[in-house]
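Here's the letter readout for the chains.
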Amino acid sequence: MLTPNSQQTIKLSISDMTCASCVRRVEKAIEKVPGVTGAAVNLATEKADVTFAGAPNAMAVVDAVRKAGYGVSEDVLEFPVEGMTCASCIGRVEKALKAVPGVLEATANLAQERARVRFLKGAVTFEDLAAAIERTGYKAVRETVAAPQEDRRAAEARTLRRDLAIAAILTAPLFVMEMGAHAFPSFGHYIHETLGMQASRVIQFVLATLVLAGPGLRFFRKGIPSLLRLAPDMNALVVIGTFAAWSFSTVATFAPGLLPGGAANVYFEAAAVIVTLILAGRYLEARAKGRTGEAIRHLAGLRAKSARVMRDGKAEDVPLESVVPGDVVLVRPGEKVPVDGEVTDGSSYVDESMITGEPMPVARKAGDMVTGGTVNTTGSLTFRATRVGADTVLSQIIRMVEDAQAAKLPIQALVDRVTQWFVPAVIAVALLTFGLWLALGPSPVLAHALVNAVAVLIIACPCAMGLATPTSIITGTGRAAELGVLFRQGTALQTLEGTDIVAVDKTGTLTLGHPTLTEIVPAEGFARDEVLALVAAAEVHSEHPIAIAIHEAAVAEGIELPGASSFITTSGQGIAAEVAGRKVEAGSVGFMQARGLDVAPFTAHAERLAAEGASPLYAAIDGRLAALFAVTDPVKPTTKEAVSALKALGIEVAMITGDNRRTAEAVAAKLGIDRVMAEVLPDGKVAAVRALSADGAKKVAFVGDGINDAPALAAAETGIAIGTGTDVAIESADVVLMAGDMRGVATGIALSRATMRNIRQNLFWAFGYNVALIPLAAGLFFSAFGIQLSPALAAGAMALSSVFVVSNALRLKRFRPAFKGEKA
């Protein structure tokens, strides 16, 4: 139920955006809609995230975007609905569907038992519609899906390729006729003698007109309306520039007497070449942009197409969409695991590299979990489906990557502020250029004024500015996903870059998280097995890893455990219980001292065990110190390499743990960790993170995997969760490491730095290109050096700038994690 203060976000697919100014224009249009609290538009993904205070008004947003001159993609989905029996059922189904944010229209048909929904593309999924229908007591059956975005982009690339070919064929003879005559005077004389100057100009007029009216019409269709709305975009610049060159040339061809003496020159080739080169840039850009989304397509391609499910006692192949939680699924050797589940029978080795990045298959047997998209290698497995559809780990990974790719980083704010005024400023500069050349330029002044003004308009198209950030984000987060590093929050790409300190929880992060009991030292008057039985019985009720280790050790030794009652736990310190009529207490030094027990008799043993990295645990029975337990949690094999890699990146590593200081320092010494914060209670981790940050002077990333790590993950500048940890920890984190491997932290930071470096390179090129070339295009260097930039060369440079930015972003696909001090 929505409350007046609740917020909802819908996603829209925006079409017709071509540059950064378009992005800002769409955002401003959306933000003016009543109820909208925020809008973030991404040029590379062509998506908009719109946040509403309360119930979303999707149609108002659509109207605002369309009035601004852009398109909002819609889609239609039809599917069967089970359970409808009368007219009232139709009303309920339609009402439920219309209530889904992003749905524009919904109808249900009782005779056909089908529903038809028209919705905003990207804002609604089949799962959203099915869930809404299910809440009313009916069931939606998946039948068709909308065409994937890559199909639309492929179609766009094909159209651009066709138009580019047409424009190139028409432009080639035009370019040869005009520019060849300038480059080779003899060729010019030949043209004039065979065709005549007027006939040559008429042919050029026809060819240029065909280029502008054919392949170039797309610019006029979008640019002219934007001019009429007084909201010019990149298309408007192309329209003004090409039309000015074409119209001036047309007058010079058919009514030269209207122009001042000596000014009747033609620039048809400039208009045609501008369109051709910009189309070439658009085509190359479309192909490159398509490659930025390869990571998502690769992940989606990991899904199985069908599943072998037990139905009515028989195994049958069914579409993946038909699998529901609870189904018994069979997987043969070499097959993909179709959905997430728990193994009930069989054993095998499963290749989980798509999740963890680890190349070696892992053993899976009854009771173990398997993940959809992984590959069963050797034996056969039978498992019970637990998560299907959008709930599977693979679907969640894809959703995380998509959300991260749609993020707008803080650095983008600078781009938005500049591009808001960029196009109007360029038009103003072009008008100023035209006026100054008209007043001060050499003869023929009108021709010089036109050439330089058109060059300014064409050279300054802000495509590269709009693509600079999102293309790098898409490629960087996609590459990160391939390496097992998921950015849940896209902004973490920027915050992670500046990390000064990585604070690490010990258990389950640096270590395997599966402590084992390695030694018991009984006190005088107590038998080892007796103490183990009593303490293990008491620890049955505790979920602490050390408690589990003690209990597992007793079970492994075949010791019969008596019943326990009156269980009391003191968080992070110890437990107390009554076992077989005896009072049993187990915990840390502080826990024992608080009960007036002296642990001095075990000091030598405790120091020895702590030096070996073991965690000492004291036990008391009936108020007497009974034994010292030594529990060791082995360090992960890759942890030391991960710490070295972080240090090589110039990052300080700190350990935060609840273990006693001796044990913690022993582990830290083995790993090369210089800073240890030991004996920190679960509720003290947030304070520890804040202490490390020195009141914000240092940027701290916290790495953890447990429920008690969630507050620290949220408090840190960047929270990094081990993906093998708890859901609570993962939901609190900004970055998730799919493998339980600390090396992923170094990989994430190195990739963050590479991505931000890539973004700055793109922005430097985009802004620097305009700063350097607009004065050149305006002709500021003509009087001193005789340098003047033709509109055709300006078009080529403009197209090259966008291609450069996207191509530079694609370099991130070649990123490789670097360890042992190698430069990332």
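Since we're looking at a predicted model, the values are computed, not measured.

(A) Looking closely at the pairing of strand 3 (residues 47-53). Of all the seven residues making up strand 3, five are buried; the element is thus mostly covered by neighbouring parts of the structure. As paired elements, strand 1 (residues 7-15) and strand 3 share seven bridges and run antiparallel to each other. For Thr-9, the partnering residue across the bridge sits in strand 3 and is Thr-51. Examined bridge by bridge, strand 2 (residues 36-42) and strand 3 share six bridges and lie antiparallel to one another. Bridging across to strand 3, Gly-38 finds its partner in Thr-51. In this structure, the hairpin formed by strand 2 and strand 3 is closed by a connection of four residues, where Glu-46 is found at a positive phi of approximately 55°.

(B) Just the sheet that holds strand 26 (residues 652-656), in detail. One open sheet accounts for seven strands, arranged 18-30-29-28-19-26-27; its pairing is mixed. Whereas interior strands pair on both sides, the edge strands pair on one side only; in this sheet they are strand 18 (485-487) and strand 27 (675-677). Each strand axis lies, on average, 20° off the axis of its neighbour in the sheet, ignoring direction. Relative to strand 27, helix 24 (residues 661-671) is tilted by about 150°, and along the sheet it contacts strand 26 and strand 27.

(C) Expanded view of the packing of aromatic side chains. Applying the stated criterion across every chain, the model contains seven aromatic pairs. Seen from their ring centres, Phe-602 and Tyr-618 are 6.4 Å apart, and the 50° between their planes marks the pair as tilted. In this pair, Phe-602 is assigned in the loop between helix 21 (589-593) and helix 22 (603-611) and Tyr-618 in strand 24 (residues 615-621), connecting sequence segments 16 residues apart. We classify Phe-602 as buried; its relative accessible area is 5%. Residue class for Tyr-618 comes out buried when judged on its relative accessible area of 4%.

(D) Looking closely at the pattern of salt bridges. Under the criterion given, the structure shown has 28 salt bridges. The shortest N-O distance in the salt bridge between Glu-78 and Arg-116 comes to 3.5 Å. Taken as a pair, Glu-78 in strand 5 (residues 74-82) and Arg-116 in strand 7 (residues 114-120) lie far apart in primary sequence, 38 residues in all. For Glu-352, the salt bridge identified is with Arg-364, shortest N-O distance 3.1 Å. With Glu-352 in the loop between strand 13 (348-351) and helix 12 (353-356) and Arg-364 in strand 14 (residues 362-364), this pair connects stretches of sequence that are 12 residues apart. Its relative accessible area of 11% is what places Glu-352 among the buried residues.

(E) Quick peek at the environment of Asp-529. Mapping Asp-529 onto the fold places it in helix 19 (residues 528-539). Taking the C-alpha atoms as reference, Asp-529 lies 9.4 Å from Glu-557; in sequence the two are 28 residues apart. If we skip the residues at most four places from it in the chain, Asp-529 touches Glu-557 and Ile-559.

(F) Up close: the sheet that holds strand 10 (residues 314-319). Within the open sheet, the six strands sit side by side as 10-9-11-17-12-15. Their pairing is antiparallel. Two strands in the sheet have a free side with no partner beyond their single neighbour: strand 10 and strand 15 (369-370). Pairing between strand 12 (residues 340-346) and strand 15: two bridges, direction antiparallel. Bridge pairing in strand 15 places Glu-342 opposite Met-369.

(G) View of helix 15 (residues 445-459). Taking 1.5 Å per residue, 15 residues should reach 21 Å; helix 15 reaches 21 Å between its end C-alpha atoms and fits that length. Counting buried residues along helix 15, 14 of its 15 residues qualify, which places the element largely inside the surrounding structure.

(H) How the structure looks around the side chain of Thr-499. In this fold, Thr-499 is placed in the loop between helix 17 (492-495) and strand 19 (501-505). Within polar-contact distance, the side chain of Thr-499 engages the backbone oxygen of Leu-496 at 2.8 Å. Residues in contact with Thr-499, not counting those within four places in the same chain, are Ile-651, Lys-699, Ala-701, Ile-749 and Arg-753.

(I) Geometry of the confidence of the model for the protein chain. Of all residues in the protein chain, 87% attain a pLDDT of 70 or more, and the chain-wide mean is 81. Taken as a whole, residues 144-148 scores under 50 in pLDDT and shows six contacts with residues more than four places along the chain or in a different chain. Across residues 820-824, confidence stays below pLDDT 50; counting only partners more than four residues off in sequence or on other chains, it has seven contacts.

(J) How the structure looks around the nonpolar core. In terms of nonpolar packing, the biggest core is built from 164 residues, with Leu-12 and Phe-79 touching the most fellow members. Ranked by residues supplied to this core, first place goes to helix 28 (residues 743-778) with 16 residues. Aside from chain neighbours lying at most four places away, what touches Leu-12 is Glu-46, Lys-47, Ala-48, Val-50, Val-61, Val-72, Leu-120, Lys-121 and Ala-123. Grouped together as the second largest cluster of nonpolar side chains are 44 residues, Leu-517, Ala-577, Val-579 and Leu-609 included.

(K) How the structure looks around the packing of helix 19 against helix 20 (residues 545-556). Running from amino to carboxyl end, helix 19 crosses helix 20 at an angle of 130°, the nearest separation of the two axes being 8 Å. For the element pair helix 19 / helix 20, the angle class is oblique. At the point where helix 19 passes helix 20, the crossing takes the left-handed sense. Contacts between helix 19 and helix 20 involve Leu-532, Val-535, Ala-536 and Glu-539 from the former and Ala-547, Ile-550, His-551 and Ala-554 from the latter. Of the residues belonging to the contact of helix 19 with helix 20, the class tally is six nonpolar, one polar and one charged.

(L) Up close: a nonpolar patch on the surface. On the surface, a cluster of nonpolar side chains totalling about 420 Å² of accessible area is made up of Leu-780, Phe-781, Phe-785 and Ile-787. Tracing the chain through its elements places Phe-781 in the loop between helix 28 and helix 29 (782-785). With a relative accessible area of 34%, Phe-781 lands in the partly exposed category.

(M) Structural view of the pairing of strand 28 (residues 700-704). Among the five residues that make up strand 28, five are buried, leaving the element largely enclosed by the rest of the structure. Covered by surrounding structure in strand 28 are Val-700, Phe-702 and Gly-704 together with Ala-701 and Val-703, the residues of both alternating faces. Of the strand pairs in this sheet, strand 19 and strand 28 are connected by four bridges, and their pairing is parallel. Across the sheet, residue Val-502 finds its bridge partner in strand 28, namely Ala-701. Sheet topology note: the strand 28/strand 29 (residues 718-722) ladder contains four bridges and is parallel. Its bridge partner lying in strand 29, Ala-701 is registered against Thr-718.

Rules used throughout
Residues numbered from 1 in each chain as written. Predicted model: local features only at pLDDT ≥ 70, side-chain atom pairs only at ≥ 80, totals over all residues. Heavy atoms only, no water. Buried < 20%, exposed > 50% of the residue type's maximum accessible area, 1.4 Å probe, protein only. Helix = DSSP H or I, 4+ residues; strand = E, 2+ residues; numbered from the N terminus. Pairing = 2+ DSSP bridges. Axes fitted to C-alpha atoms, helices over the stretch in contact; angles between N-to-C directions. Contact = heavy atoms within 4.5 Å. Phe/Tyr/Trp six-rings, centres within 6.5 Å; stacked < 30°, edge-to-face > 60°. Salt bridge = Lys/Arg side-chain N within 4 Å of Asp/Glu carboxyl O. Expected span 1.5 Å × (residues − 1). Polar contact = N/O pair within 3.5 Å; in protein donor to acceptor, adjacent residues only side chain to side chain. pLDDT = per-residue confidence, 0-100. Core = buried A, V, L, I, M, F, W, Y, C linked by side-chain atoms within 4.5 Å. Parallel < 35°, antiparallel > 145°, perpendicular 65-115°, else oblique. Left-handed = near helix turned anticlockwise from the far one by under 90°. Nonpolar A, V, L, I, M, F, W, Y, C, P; charged D, E, K, R; others polar. Patch = residues over 30% accessible without salt bridge, like charges linked within 9 Å, V, L, I, M, F, W, Y side chains within 5 Å. Areas by Shrake-Rupley, 256 points an atom, 1.4 Å probe, with all protein chains shown as cover.

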